Amino acid sequence: MTKKFYITTPIYYVNSVPHLGHAYTTIADDILARYKRQKGFDVRFLTGTDEHGANIEKSAAAKGVSPKEWTDIVSAQYKELWKVLNISYDDFIRTTDTNHEHVVQAVFEKLLKSGDIYLGSYSGKYCTSCEQYLNESEILEGNLCPVHKKPLTEVNEETYFFKLSRYEKPLLKYYEEHPEFLSPKYRANEIINFVKSGLQDLSVTRTKVKWGIPVKSNPAHTIYVWFDALINYITAAGVGTLLCEEKAEHEEQLKDIRIEKFEDLWPADIHMVGKEIFRFHSVIWPAVLMALQLPLPQKVFAHGWWTVEGEKMSKTLGNVINPAELAAKYGVDPVRVFLFREVPFGQDGDFSMASFINRYNSDLANNIGNLLSRTLNMAAKNVGDLPEKIEGNYPLLAQAQTVEKAIDDAYEQLSFDKVLEQIYGYSSELNKLVNDKKPWELAKTDPEGAKQVLLELIACQRKVALWLEPFMPTVAKEMQKRLSPGKIEKYAPLFPRIDK
Ligand code: MSP
């Protein structure tokens with residue numbers, strides 16, 4: 001039986017145009033999804049858009065369209081970007097999908113029945129950009145949100161609460177028993193300390209926000225966007241069918257929900273998220289799942305943030321990097337791979353054109369591309385048609401097994417930078433072989449010797465092309481084509497050098 005691998009991105013807010021930071025989470029998932037497929041896993045890769053809430057209502061009003069029209073436009077922009085970036089997602093969920101709305105309503109009613117959700121009232125400081133109430137300890141001087149540095153709004157309203165406090169101890173126990181759950185390790189402590197400092201019940205409905213999913217039993221309330229959004233991961237896995245079996249409310253509407261068997265997909269193998277939404281995914285979401293008596297995802301991984309030339313990416317600063325523009329100029333694959341070579345996955349990184357061009361020229365044009373051109377040019381003269389199987393006493397080909405093992409280990413840790421270090425390191429050794437053996441000179445005195453070196457180089461680069469595929473699917477396919485059995489053609493350089 002093939003093993004499933006269920007991987008998710010966060011669902012993206014549709015109140016802004018997608019930029020490089022958004023693409024980062026998605027490309028990371030795409031790399032992992034492609035790698036797992038190579039390894040024979042039955043991959044389900046989910047992404048989508050997060051479409052409710054006051055901010056989206058505001059963005060729509062500012063554009064003079066209805067919220068629905070606005071979400072259609074931006075959701076389509078995301079899909080378009082994912083096409084450009086060659087993202088191989090299997091499923092795209094929108095929180096405005098009717099089946100998702102029914103699931104959220106059914107989950108809410110279920111938790112109301114179990115006593116995990118109750119009606120109360122709230123007064124506190126609210127950040128309209130985070131769509132979140134803040135604790136006194138988090139608020140900056142001058143009544144400002146620590147993330148957006150914007151003034152907070154005083155809110156007083158009737159609201160339903162989720163009994164998050166009930167899950168303080170179970171969560172701590174879970175973290176302890178599943179050390180791989182919160183990842184990377186250096187971000188886990190912050191979460192554990194946060195939970196240890198005491199969890200307060202969470203307000204999960206709004207009476208002032210109209211653009212949201214109404215509570216079935218009390219439609220004056222709409223469901224808090226984060227509560228709605230997190231549930232997407234189980235909607236897409238087919239939790240609707242489970243709720244039906246449990247005779248939940250809305251049995252009728254839930255019937256046409258995604259048809260797979262929920263247990264086949266859930267729990268997710270990984271939720272990939274940025275560091276600023278780690279807490280939602282590692283505290284609130286697991287608590288909701290515990291309340292629903294559903295298993296928890298295997299892992300939540302929080303990556304770092306990209307700045308641009310030292311500054312936060314922002315529309316106001318006008319320094320937002322559009323990945324589609326970058327890709328149009330330099331190719332999609334160089335953009336994809338750069339993000340994971342430059343910075344250890346998990347940590348923050350800074351994007352600069354200079355470092356992009358440096359990496360492109362050294363890693364891609366020189367190390368990978370030039371090696372391929374040289375090898376094929378020499379092979380055309382000294383080997384002739386390329387054979388399908390290349391076997392012999394080739395030390396570097398034998399070494400590929402060790403490299404592959406190191407690559408697998410690095411993927412296990414989600415150390416994409418280490419995967420690339422292995423691949424590029426291996427390719428450097430191939431370059432060294434060319435420089436040491438000088439097949440073009442060897443050919444004059446020992447044609448068979450030269451042929452053997454070139455065959456080894458071809459065999460080894462076939463490996464490289466395979467390893468590069470998750471990062472650079474198009475380029476890797478092209479490499480595989482050029483290295484395939486048969487006649488060697490004349491080719492343009494894989495990565496034309498960029499002049500600074
Ligand atoms: N809608 C919520 C997620 C709900 S999931 C149940 C959300 N959306 S978002 O569009 O604001 O962010 C989506 C992803 O983009 C997050 O993982 C976030 O970390 C990532 N990034 C947005 N800007 C970023 C950078 N500048 N750098 C790296 N990633 C960042 O949060």
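Calculation notes
Residues numbered from 1 in each chain as written. Predicted model: local features only at pLDDT ≥ 70, side-chain atom pairs only at ≥ 80, totals over all residues. Heavy atoms only, no water. Helix = DSSP H or I, 4+ residues; strand = E, 2+ residues; numbered from the N terminus. Buried < 20%, exposed > 50% of the residue type's maximum accessible area, 1.4 Å probe, protein only. Contact = heavy atoms within 4.5 Å. Phe/Tyr/Trp six-rings, centres within 6.5 Å; stacked < 30°, edge-to-face > 60°. Lys NZ or Arg CZ within 6 Å of the ring centre and 35° of its normal. Core = buried A, V, L, I, M, F, W, Y, C linked by side-chain atoms within 4.5 Å. Domains from an automatic or database assignment. Pairing = 2+ DSSP bridges. Axes fitted to C-alpha atoms, helices over the stretch in contact; angles between N-to-C directions. Parallel < 35°, antiparallel > 145°, perpendicular 65-115°, else oblique. Left-handed = near helix turned anticlockwise from the far one by under 90°. Nonpolar A, V, L, I, M, F, W, Y, C, P; charged D, E, K, R; others polar. Polar contact = N/O pair within 3.5 Å; in protein donor to acceptor, adjacent residues only side chain to side chain. Buried area = accessible area lost by both parts, 1.4 Å probe. Salt bridge = Lys/Arg side-chain N within 4 Å of Asp/Glu carboxyl O. Near = heavy atom within 4 Å. 1 Å grid on protein atoms, 1.4 Å probe; cavity = no way out; pocket = protein on both sides within 12 Å on 5 of 7 lines; lining within 4 Å. Points joined across faces, edges and corners; volume = space filled by probe spheres on them.

(A) Seen up close, the environment of Asn232. Within the element layout of this structure, Asn232 appears in helix H8 (residues 232-235). Given a relative accessible area of 0%, Asn232 falls into the buried group. Separated by 137 residues in sequence, Asn232 and Thr95 place their C-alpha atoms 6.9 Å apart. Filtering out sequence-adjacent residues up to four positions away, Asn232 remains in contact with Ile11, Leu46, Ile93 and His100.

(B) A look at the packing of aromatic side chains. This structure, assessed with the given rule, holds 37 aromatic pairs. Pairing Tyr122 with Phe161 gives two aromatic rings, centres 5.9 Å apart and planes at 40°, and the pair type is tilted. On the criterion of sequence distance, the pair formed by Tyr122 in strand S5 (residues 117-127) and Phe161 in strand S7 (residues 153-162) is long-range, its members being 39 residues apart. Per residue, the accessibility class of Tyr122 equals that of Phe161, and both read buried. On the basis of an interplanar angle of 50° and a centroid distance of 5.7 Å, the ring pair of Phe340 and Phe345 is categorised as tilted. Its relative accessible area of 6% is what places Phe345 among the buried residues. The residue whose ring lies beneath Lys79 is Phe92, and the NZ or CZ to ring-centre distance is 4.7 Å. The residue whose ring lies beneath Arg279 is Phe194, and the NZ or CZ to ring-centre distance is 3.7 Å.

(C) Expanded view of the nonpolar core. Counting residues in hydrophobic clusters, the biggest one holds 97 residues, and the most contacted among them are Phe340, Phe416, Leu468 and Phe471. Residues lining this core come from more than one domain, with at least three contributed by each of domain 1 (4-304) and domain 2 (352-482).

(D) Representation of the sheet that holds S7 in the model. Strand order in the open sheet formed by four strands is S6-S5-S7-S9, and the pairing between neighbours is antiparallel. In the strand order of this sheet, the two ends are held by strand S6 (132-134) and strand S9 (202-203), each with one partner. As paired elements, S5 and S6 share three bridges and run antiparallel to each other. Across the sheet, residue Lys125 finds its bridge partner in S6, namely Leu134. On the sheet, helix H4 (residues 98-114) packs against S5 and S7 and is oriented at approximately 115° with respect to S5.

(E) Fine view of the packing of helix H17 (residues 416-437) against helix H19 (residues 447-468). Put simply, H17 and H19 touch, their axes get as near as 11 Å, and they point 165° apart. One way to sum up the angle between H17 and H19 is to call them roughly antiparallel. In the packing of H17 onto H19, the handedness of the crossing is left-handed. Taking contact as the criterion, the partners of Leu420, Ile423, Tyr424, Tyr426, Leu430, Leu433, Val434 and Lys437 in H17 are, on H19, Val453, Glu456, Leu457, Cys460, Gln461, Val464, Trp467 and Leu468. Looking at the contact of H17 with H19 residue by residue, the classes come out as 13 nonpolar, one polar and two charged.

(F) Fine view of the side chain of Thr205. Position of Thr205 among the secondary structure elements: in strand S10 (residues 205-206). By relative accessible area, Thr205 is classed as buried at 0%. A polar contact is formed between the side chain of Thr205 and the side chain of His221, at a distance of 2.8 Å. Apart from the residues within four sequence positions on either side, Thr205 is in contact with Phe108, Glu157, Thr159, Tyr160, Val215, His221, Thr222, Ile223 and Tyr224.

(G) Here's a closer look at the domain arrangement of the protein. Considered domain by domain, the protein is made up of domain 1 (4-304) and domain 2 (352-482). Measuring from the centre of the C-alpha atoms in domain 1 to the corresponding centre in domain 2 gives 42 Å. Each side of the interface is counted separately: domain 1 has eleven residues, and domain 2 has twelve residues. Of the roughly 1000 Å² buried between domain 1 and domain 2, counting both surfaces, carbon and sulfur atoms make up 65%. Considering only the surface of domain 1 that becomes buried against domain 2, Ile31, Tyr35 and Gln38 emerge as the three largest contributors, covering 48% of it. Taken together, the links from domain 1 to domain 2 amount to one salt bridge. The partner of Lys39 in a salt bridge is Asp408, and the shortest N-O contact between them spans 3.2 Å. Counting every contact that joins domain 1 to domain 2 gives four residue pairs in polar contact (both at pLDDT 80 or more). Ranked by residue count, the leading element in the side of domain 1 that touches domain 2 is helix H1 (residues 20-38), at six residues. Each residue belonging to the side of domain 1 that touches domain 2 can be placed in one class, and the counts come to six nonpolar, two polar and three charged.

(H) Spatial organisation of unusual backbone geometry. Note the cis peptide between Ser183 and Pro184, where omega equals -5°. Relative to the elements of secondary structure, Pro184 occurs in the loop between strand S8 (182-183) and helix H6 (185-196). The omega angle of the peptide bond from Trp266 to Pro267 is 5°, so this bond is cis rather than trans. Along the polypeptide, Pro267 turns up in the loop between helix H11 (262-265) and strand S13 (270-274).

(I) Inspection of the site of the ligand at higher detail. Taken together, 24 residues form the shell around the ligand, and within it Ile11, Asp50, Gly274, Glu276 and Trp306 come nearest. At 3.3 Å, a side-chain N or O of Thr25 approaches an oxygen atom of the ligand. Counting only elements with at least two residues in the shell around the ligand, the list comes to strand S2 (12-13), H1, helix H7 (225-230), H8 and S13. Its residues placed into classes, the shell around the ligand shows 13 nonpolar, nine polar and two charged.

(J) The layout of surface pockets, seen in detail. Within this model, the second largest pocket holds a volume of roughly 740 Å³. Together, 31 residues line the second largest pocket, and Lys299, Tyr411, Glu412, Gln413 and Leu414 are the ones closest to its centre. If you list the elements that add at least two residues to the lining of the second largest pocket, you get strand S1 (4-8), H1, S8, H6, helix H16 (395-412) and H17. The two domains that each donate at least three residues to the lining of the second largest pocket are domain 1 (4-304) and domain 2 (352-482).

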